[in-house]
Amino acid sequence: MNTFHLSCFLAVAEYLNFTQAAQQLHVTHPAVSQQIQSLEKELGVELIHRENRRFTVTPTGQYFYSHCKAILGQVEDLIRETKRLGQD
């Protein structure tokens, strides 16, 4: 699992749309889909329930989303603070 997996899942869960998530991430729709599938396979759980051309975030996905958002926020803070300290 890496931060790109988390970013893809976060974008899909926020937009509830793979195409819009892909546009925000500047990648293709299939790339986002592959990242989500890879993440689900690694975790061994369904984060997004797919049915025909629609999907919903599962309860497990909602739990993962809330923690994912916090973790990515901490990563952004870490990067920002590290850069600031390096410039002082």
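Note: the structure precedes this text.
A few points on the structure. These figures come from a predicted structure and were not determined experimentally.

1. Describing helix 4 (residues 59-87)
- Taking 1.5 Å of rise per residue, the 29 residues of helix 4 would be expected to cover 42 Å, and the 43 Å separating its terminal C-alpha atoms lies within 8% of that figure.
- Buried within helix 4 are the following residues: G61, F64, C68 and L72.
- Here the buried face of helix 4 lies against helix 1 (3-15), helix 3 (29-43) and strand 2 (54-57).

2. Some points on the nonpolar core
- F9, V12, F18, V32, I36, I48 and F64 are the most contacted members of the largest nonpolar core, which has 21 residues in total.
- Those elements that place two or more of their residues in this core are helix 1, helix 2 (18-25), helix 3, strand 2 and helix 4.
- Per-element accounting of this core gives the leading share, 7 residues, to helix 1.

3. Overview of unusual backbone geometry
- A positive phi angle, near 60°, is found at H26, a position not held by glycine.
- With respect to the helices, strands and loops of the structure, H26 is situated in the loop between helix 2 and helix 3.
- The exposed category is assigned to H26, whose relative accessible area is 72%.
- Notably, N52 is not glycine yet its phi reads approximately 55°, a positive angle.
- Within the secondary structure, N52 sits in the loop between strand 1 (48-51) and strand 2.
- We classify N52 as exposed; its relative accessible area is 81%.

4. Examining a nonpolar patch on the surface
- Among the surface-exposed residues, M1, L43 and V45 lie close enough to one another that they form a single nonpolar patch of about 230 Å² accessible area.
- With respect to the helices, strands and loops of the structure, M1 is situated in the segment before helix 1.

Calculation notes
Per-chain numbering applies: the sequence of each chain, read as written, is numbered from 1 onward. With the structure being a predicted model, the display of local features is reserved for residues of pLDDT at least 70 and the display and counting of side-chain atom pairs for 80 or more, all residues being used for whole-chain, interface and lining totals. Processing note: side-chain calculations cover all non-hydrogen atoms of the structure and skip hydrogens and water entirely. Only DSSP runs of H or I reaching four residues or more are called helices, and only runs of E reaching two or more are called strands; each is numbered from the N terminus. A helix is expected to span 1.5 Å multiplied by its residue count minus one. Whether a residue is buried, partly exposed or exposed follows from its accessible area with a 1.4 Å probe, protein chains only, as a fraction of its type maximum: under 20%, in between, or over 50%, in that order. Contacts are assigned to residue pairs with any non-hydrogen atoms lying within 4.5 Å of each other. We define the nonpolar core as a collection of buried residues of types Ala, Val, Leu, Ile, Met, Phe, Trp, Tyr and Cys that are connected through side-chain atoms lying within 4.5 Å of one another. Patch membership requires over 30% relative accessible area and the absence of a salt bridge. Like charges are linked within 9 Å, and nonpolar side chains (Val, Leu, Ile, Met, Phe, Trp, Tyr) within 5 Å. Here the Shrake-Rupley method, with its probe set to 1.4 Å, supplies the accessible areas, and only the displayed protein chains count as covering residues. We define a salt bridge as a contact between a side-chain nitrogen of Lys or Arg and a carboxyl oxygen of Asp or Glu at a distance within 4 Å.

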